[in-house]
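# What the coordinates show
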Amino acid sequence: MTDNNSPPGSPKVNPDHNSEANLLPKDDSSLENIVRRFQDSMSLAKKHKFWETQPVGQFKDAGDTSLPEGPIEPPTPLSEVKQEPYNLPSPYEWTTCDMDLEETCNEVYNLLKNNYVEDDENMFRFNYSKEFLRWALRPPGYYKSWHIGVRAKTSKKLVAFITGVPARIRVRDEVVKMAEINFLCVHKKLRSKRLAPVMIKEVTRRVHLENIWQAAYTAGVVLPTPITTCQYWHRSLNPKKLIDVGFSRLGPRMTMSRTIKLYKLPDQPATPGFRKMELRDVPAVTRLLRNYLSQFVVSPDFDENDVEHWLLPTEDVVDSYLVESPKTHDITDFCSFYTLPSSILGNQNYSILKAAYSYYNVSTKTPLLQLMNDALIVAKKKDFDVFNALDVMHNESFLKELKFGPGDGQLHYYLYNYRIRNALRTSELGLVLL
Ligand code: MYA
């Protein structure tokens, strides 16, 4: 993939929605894949002036099994962490964005709405809602100082942004305090001026000040060096709109009415005891989730506070459902998705694509396929146009059967200052970043 701003989880054109095409494995020799492999190999050959200076797995070390797993650099004494912010080019100044303030939240929302991640064809752009941003940026123990903006000194206009939130991430047996870095954005007019490396160094400095030395992040671009590379899959819920806006295409020999029929879902979930998660379910969901996530090589180490924050339903932000056994009242299964609309750029009839993103799902009694079909049913009832999922955890077991089609977006996962000896299979990853 080229060093464009190709996205973490950008909305992607679903290449072929012809009837059973979605059920076929993606053709690895397609032109698109050949081009991607070529671009990836170019990226490996490319110099990364900034990333080569950072404690991350370097391409030249890939496959060197003599290097130990774990931190690449030891922590430095806190007194040696730089006390003053990094220098910005002189027209700009740092600002800490207080997301409790409506006005600041608006500014961040607008910067991202107009300048954040787009798909390769510039047809869609993520449109994170204000409520979503407040949720994503204020988890338990968050630091205001990690919500970093850059303003133009004269106009005070917000022109760039980067954030971190604290998380405990387990890598094999080790629970590591990390920052999850997200929402790196530079105004379109200020691109390619090397602002991003300064912003990354500044967030790193502020994370170090809290005595945290590792981070996790995702990006659509290839950087040194992904711990794994995932693919997005898309399940049409409103095929007519998706075709009208160019998100997907009518397959050959398919009519609109056959396509609509193909993606039709029942009106109600099928599983007895399937219901929305409530506050009283937090302890049971935490137990279920911790037990489930323990099988993956990398996953969050969620406690009850985290589960309450990240998984208790919040309207238009995150939806969670579970199965309560009608007999024993045990909580046996769980599924969740978050709401991330995209702006549709330059369409006469539609301006917003309403997308649900699969989050954490756990099946112990209900087959995962049935559980996820119920998730699709409730998402459809909530008027989502499309349901997206990465091929992480056990997702591959339901994608094709539930008529998800592969997207052309790849999402690379990275750790900062933590070496993993061999890249993971996507099914070994138990982490979903927003
Ligand atoms: S991923 C979402 C990223 N955002 C977008 O794609 C939105 C649209 N694009 C933009 O706003 C700009 O194009 C951005 C780059 C801001 C992305 N992650 O300033 P430049 C490197 C990391 O001239 P610009 C997310 O939010 C690039 O390889 N590095 O470029 C997670 C080059 O370095 P090198 C990236 O296009 C972010 C340098 O920047 C990315 O004007 C995780 C060029 O800088 C990227 N997505 O701005 C951040 N894109 O020469 C890392 C480009 O070496 C966190 N670059 O190749 C690391 C952990 C920090 C905390 C550690 C704590 C211990």
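Everything below is about the structure printed above this text.
The shown structure was predicted, so the numbers you read here are calculated from the model rather than taken from an experiment.

## Here we look at the side chain of Asn417
With respect to the helices, strands and loops of the structure, Asn417 is situated in the segment after β17 (405–416). Exposure remark for Asn417: the relative accessible area of 3% places this residue in the buried category. Reaching out from Asn417, the side chain makes a polar contact with the backbone nitrogen of Ile72 at a distance of 2.9 Å. Within the structure, the side chain of Asn417 is placed 3.1 Å from the backbone oxygen of Trp213, a separation counted as a polar contact. Residues in contact with Asn417, not counting those within four places in the same chain, are Pro55, Gly70, Pro71, Ile72, Glu73, Trp213 and Gln214.

## Side note on the pattern of salt bridges
In a structure, side chains of opposite charge can pair up when their charged atoms sit close to one another. As enumerated under the stated definition, the model contains 26 salt bridges in all. The salt bridge partner of Lys130 is Glu102, with a shortest N-O separation of 3.5 Å. Of this pair, Lys130 sits in helix α3 (residues 130–137) while Glu102 sits in helix α2 (residues 102–115), and the two are 28 residues apart along the sequence. What makes Lys130 partly exposed here is its relative accessible area of 21%. Arg205 is the partner of Glu202 in a salt bridge, and the nearest nitrogen-oxygen pair spans 2.8 Å. Here Glu202 pairs with Arg205, and both are found in helix α4 (residues 195–208), just three residues apart, close to one helical turn. When its relative accessible area of 0% is taken as the criterion, Glu202 is described as buried. By sharing partners, the salt bridges in this structure join Arg168, Arg290, Asp301, Asp303 and Asp306 into a single network.

## Comments concerning the packing of helix α7 (residues 282–293) against helix α8 (residues 304–311)
Where α7 meets α8, the closest approach of the two axes is 9 Å, and the angle between their N-to-C directions is 100 degrees. On the basis of the axis angle, α7 is roughly perpendicular to α8. Together, Val282, Pro283, Val285, Thr286 and Leu289 of α7 and Glu304, Val307, Glu308 and Leu311 of α8 make up the contact between the two elements.

## Describing the nonpolar core
Ranked by internal contacts, the top residues of the largest apolar core, which has 79 residues, are Trp135, Val298, Tyr338, Tyr359 and Tyr360. The residues that make up this core include at least three from each of domain 1 (20–31 + 229–428) and domain 2 (48–226). Here Tyr359 is in contact with Trp135, Trp310, Leu311, Val318, Ser336, Phe337, Tyr338, Met393, Val432 and Leu434, once residues within four sequence places are set aside. Membership of the second largest hydrophobic core comes to 31 residues, among which are Phe50, Trp51, Tyr92 and Val203.

Conventions used here
Residues numbered from 1 in each chain as written. Predicted model: local features only at pLDDT ≥ 70, side-chain atom pairs only at ≥ 80, totals over all residues. Heavy atoms only, no water. Helix = DSSP H or I, 4+ residues; strand = E, 2+ residues; numbered from the N terminus. Buried < 20%, exposed > 50% of the residue type's maximum accessible area, 1.4 Å probe, protein only. Polar contact = N/O pair within 3.5 Å; in protein donor to acceptor, adjacent residues only side chain to side chain. Contact = heavy atoms within 4.5 Å. Salt bridge = Lys/Arg side-chain N within 4 Å of Asp/Glu carboxyl O. Axes fitted to C-alpha atoms, helices over the stretch in contact; angles between N-to-C directions. Parallel < 35°, antiparallel > 145°, perpendicular 65-115°, else oblique. Core = buried A, V, L, I, M, F, W, Y, C linked by side-chain atoms within 4.5 Å. Domains from an automatic or database assignment.

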